[in-house]
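Residues per chain, in single letters:
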Amino acid sequence: MSPPGESGEAALPEDFSGDVTGDGVFLAVRDGYDAVYGALQRGETFNGIWREHAYGGDFPAEFAHIGFLTVSEARRMLGLLGVRDGDVLVDLACGAGGPGLWAAQESGASLIGIDPSPAGLSAARERAQQVGLAERSRFADGTFERTGLVGGVADAVMSADAFQYAPDKQAALSEVFRILRPGGRLAVIAFETEPAKVHGLPVFGVDPVSDYASLLQKTGFAIDAYEETPGWRERAYAAFGAIVKARDALAAEMGERAASSAVAEATVTVQLKPYGRRTLFAARRPA
Ligand SMILES: C[S@@+](CC[C@H](N)C(=O)[O-])C[C@H]1O[C@@H](n2cnc3c(N)ncnc32)[C@H](O)[C@@H]1O
């Protein structure tokens, strides 16, 4: 498979085609990530490629992740969150825990990571042990729309490279508002997509949002920052190319299912090159 051009007319991988309803997409996305998380320990090829190309390799290896979050972006998020020692920080769509645990270590906060992938949660718990943060972190099954957390529990909520997958963005922001204490802050990095351009596309065709600002305001948030992140298109394209090239090695190491999920995930992201923007936004629940 070759990288899609500016027209974005890549052939869609099987994993992400088919049922484009909210439920169908949610299950396809969750199961695809679950296969990747479950296979990550079976070899270093994926991690190595992703670290080198997708986020520049400057993120500490013990907090490796599968998004595009660079250390400078993570620092910017943490600064906007204003998290302090002893605060409760919630990482939504925490995956295998890398970004949230990094933030907990940097700030001294306690961490609650939420994700619907059992393999991601299990990898996150193991990693928390490895980096010495098991005492002040916990990881639980949930989604953006249903975190399972009690209202007002969080001093801060973060999320990296996942909010675009929420099948109902308004419900998701209402849930974030509910779990934040008054005065609590939110910082998210996510893709925005133009509804007219992604109409009918699997995954991104479900509840596409081209500008989260109006939804944030409608939910009651006060916006602190709203900025497009630089350089992600080049990094997404490079990571996609390297993953496709290494497909056979990945299949040998991770198994066929996980390798095709890894290719599928790299493909849908690179499709956003012509269709979307990657945005960092921060907002607060008024005190
Ligand atoms: C690109 S990964 C990012 C994971 C992590 N934030 C990181 O940076 O490594 C996207 C994550 O979104 C999760 N996810 C997918 N749909 C979700 C939903 N509706 N609610 C919460 N998480 C979801 C997946 O399980 C996956 O862990």
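In the block above lies the structure referred to throughout.
Residues numbered from 1 in each chain as written. Predicted model: local features only at pLDDT ≥ 70, side-chain atom pairs only at ≥ 80, totals over all residues. Heavy atoms only, no water.

Chemist: Is there a simple way to explain the overall build of the protein in this structure?
Modeler: Helix and strand counts for the protein come out as eleven helices and seven strands. Burial analysis of the protein (287 residues in total) assigns 56% to the buried set. Here the analysis covers contacts within the protein between residues at least 6 apart in sequence; of these, 76% occur between residues at least 24 apart. Carbon and sulfur atoms form 50% of the exposed surface of the protein, whose accessible area is close to 11,300 Å². (Helix = DSSP H or I, 4+ residues; strand = E, 2+ residues; numbered from the N terminus. Buried < 20%, exposed > 50% of the residue type's maximum accessible area, 1.4 Å probe, protein only. Contact = heavy atoms within 4.5 Å. Areas by Shrake-Rupley, 256 points an atom, 1.4 Å probe, with all protein chains shown as cover.)

Chemist: Where do I start with the site of the ligand in this structure?
Modeler: Taken together, 21 residues form the shell around the ligand, and within it Tyr 37, Ala 93, Asp 115, Phe 144 and Ala 160 come nearest. A distance of 3.1 Å is found between a nitrogen atom of the ligand and a backbone nitrogen or oxygen belonging to Phe 144. Look at the ligand: alone it shows 590 Å² of surface, and the protein chains cover 98% of it. Looking at which element gives the most residues to the shell around the ligand, the answer is helix α1 (residues 22–39), with four residues. Within the shell around the ligand, the residues separate by chemical class into 14 nonpolar, five polar and two charged. (Near = heavy atom within 4 Å. Polar contact = N/O pair within 3.5 Å; in protein donor to acceptor, adjacent residues only side chain to side chain. Nonpolar A, V, L, I, M, F, W, Y, C, P; charged D, E, K, R; others polar.)

Chemist: What exactly am I supposed to notice about the sheet that holds strand β6 (residues 222–228) here?
Modeler: Strand pairing in a sheet is mediated by backbone hydrogen bonds. Such pairs are either parallel or antiparallel. Read from one edge to the other, the open sheet built from seven strands follows the order β3-β2-β1-β4-β5-β7-β6, with strand pairing classed as mixed. A strand with exactly one partner marks an edge of an open sheet, and here the two such strands are β3 (137–141) and β6. Taken pair by pair, the neighbouring strands of this sheet meet at an average axis angle of 15 degrees, ignoring direction. As judged from the six bridges shared by β6 and strand β7 (residues 276–284), these two strands associate in the antiparallel manner. Residue pairing for β7: Glu 228 is matched across the bridge by Thr 279. Here helix α8 (residues 212–219) sits on the sheet in contact with β5 (180–193), β6 and β7, set at roughly 170 degrees to β6. (Pairing = 2+ DSSP bridges. Axes fitted to C-alpha atoms, helices over the stretch in contact; angles between N-to-C directions.)

Chemist: What is the right way to look at unusual backbone geometry in this model?
Modeler: Note: most peptide bonds trans; most residues except glycine with negative phi. Positive phi, normally seen in glycine, also occurs at Ala 93, with a value near 60 degrees. Examined against the element boundaries, Ala 93 turns out to sit in the loop between β1 (88–92) and α4 (98–107). Owing to a relative accessible area of 21%, Ala 93 belongs among the partly exposed residues under this scheme. Of note in the backbone geometry, Asp 161 takes a positive phi value of approximately 55 degrees without being a glycine. In this fold, Asp 161 is placed in the loop between β4 (154–160) and α6 (169–179). Relative accessible area serves as the criterion here: at 10%, Asp 161 is assigned to the buried category.

Chemist: Is there a simple way to explain the nonpolar core in this structure?
Modeler: Residues Phe 46, Trp 50, Leu 89, Val 90, Val 157, Phe 163 and Leu 186 are the most contacted members of the largest nonpolar core, which totals 100 residues. For Phe 46, the residues in contact, after removing those within four places along its chain, are Val 36, Leu 40, Ile 66, Ile 243, Leu 250, Met 254 and Ala 262. (Core = buried A, V, L, I, M, F, W, Y, C linked by side-chain atoms within 4.5 Å.)

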